[in-house]
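# Residue-level structure breakdown
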Amino acid sequence: MTTINLSTDIPSAINTLEKLAVWSGLTLANINPSLTAIEGVGYTERVSQAGIFYVQADNKYRALIRQSIQMSPDYLAGGAKLWTFAQELSNTAIPAIFKAN
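Report on the accompanying structure. (Residues numbered from 1 in each chain as written. Predicted model: local features only at pLDDT ≥ 70, side-chain atom pairs only at ≥ 80, totals over all residues. Heavy atoms only, no water.)

On to the overall build of the chain, then. Helix and strand counts for the chain stand at one helix and four strands. Reading the chain from its N terminus to its C terminus gives the helix and strand order α-β-β-β-β. Counting only C-alpha atoms and orienting by the principal axes, one finds that the chain spans roughly 40 × 35 × 25 Å. Sorting the 101 residues of the chain into buried and exposed places 19% on the buried side. When contacts within the chain are restricted to residue pairs at least 6 apart in sequence, those whose partners lie at least 24 apart make up 39%. Only carbon and sulfur atoms are counted for the fraction: they give 58% of the accessible area of the chain, which is about 7,400 Å². (Helix = DSSP H or I, 4+ residues; strand = E, 2+ residues; numbered from the N terminus. Buried < 20%, exposed > 50% of the residue type's maximum accessible area, 1.4 Å probe, protein only. Contact = heavy atoms within 4.5 Å. Areas by Shrake-Rupley, 256 points an atom, 1.4 Å probe, with all protein chains shown as cover.)

Structure representation (structure tokens):
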């Protein structure tokens, strides 16, 4: 599993949920560039994808992030927050570039 230390691994400049979501998506995509999962019959996709794209219709850049994270079947029994049932994608360490402001 890729562990994080909340006080040292997440840059202090991340002060909104939106920044945290983009940081998380970009980090997971960086450390798992070729990891795939079966998402349907005959359908395999990368588990983490992220990129910055220009949208000409509104003249803005957007972060598009996609995650496919396995969930423990124990989530069906309830009793805990849904995110606590997320299974790890890999045990790759977070690169230093993602820890700095």
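Having put the structure on the table, let's press on.
On inspection of all chains with the given rule, the structure shows three salt bridges. Across the pair aspartate 58 and arginine 62 runs a salt bridge whose closest N-O atoms are separated by 3.6 Å. Arginine 62 sits in the partly exposed class, given a relative accessible area of 42%. (Salt bridge = Lys/Arg side-chain N within 4 Å of Asp/Glu carboxyl O.)

Attention now moves to the pairing of strand S2 (residues 43-46). Note: strand S1 (residues 36-40) against S2, four bridges, orientation antiparallel. Bridge assignment links isoleucine 38 to a residue of S2, and that residue is threonine 44. Connecting S1 to the antiparallel partner S2 that follows it, the hairpin turn spans two residues, and glycine 42 within it adopts a positive phi of roughly 70 degrees. (Pairing = 2+ DSSP bridges.)

The next subject is helix H1 (residues 17-31). End to end, H1 covers 21 Å across 15 residues, agreeing with the expected 21 Å (1.5 Å per residue, within 8%). The complete set of buried residues in H1 reads Trp23, Gly25, Thr27, Leu28, Ala29 and Ile31. If you follow the buried residues of H1, they end up packed against strand S3 (48-55) and strand S4 (60-67). (Expected span 1.5 Å × (residues − 1).)

Before going further, it helps to spend a moment on unusual backbone geometry. Phi is positive for asparagine 59, which is not a glycine, with a value near 55 degrees. Assignment of secondary structure puts asparagine 59 in the loop between S3 and S4. Given a relative accessible area of 55%, asparagine 59 falls into the exposed group.

Among the structural elements, threonine 27 can be located in helix H1. Setting aside chain neighbours within four positions, we find threonine 27 in contact with Ile94 and Phe98.

Moving on to the packing of aromatic side chains. Considering all chains together, one arrives at one aromatic pair under this definition. For the ring pair tyrosine 54 and tyrosine 61, a centre distance of 5.2 Å and an interplane angle of 55 degrees mean the geometry is tilted. (Phe/Tyr/Trp six-rings, centres within 6.5 Å; stacked < 30°, edge-to-face > 60°.)

What follows covers the environment of serine 24. Along the chain, serine 24 turns up in helix H1. It is 9.4 Å that separates the C-alpha atoms of serine 24 and phenylalanine 98, two residues lying 74 residues apart in sequence.

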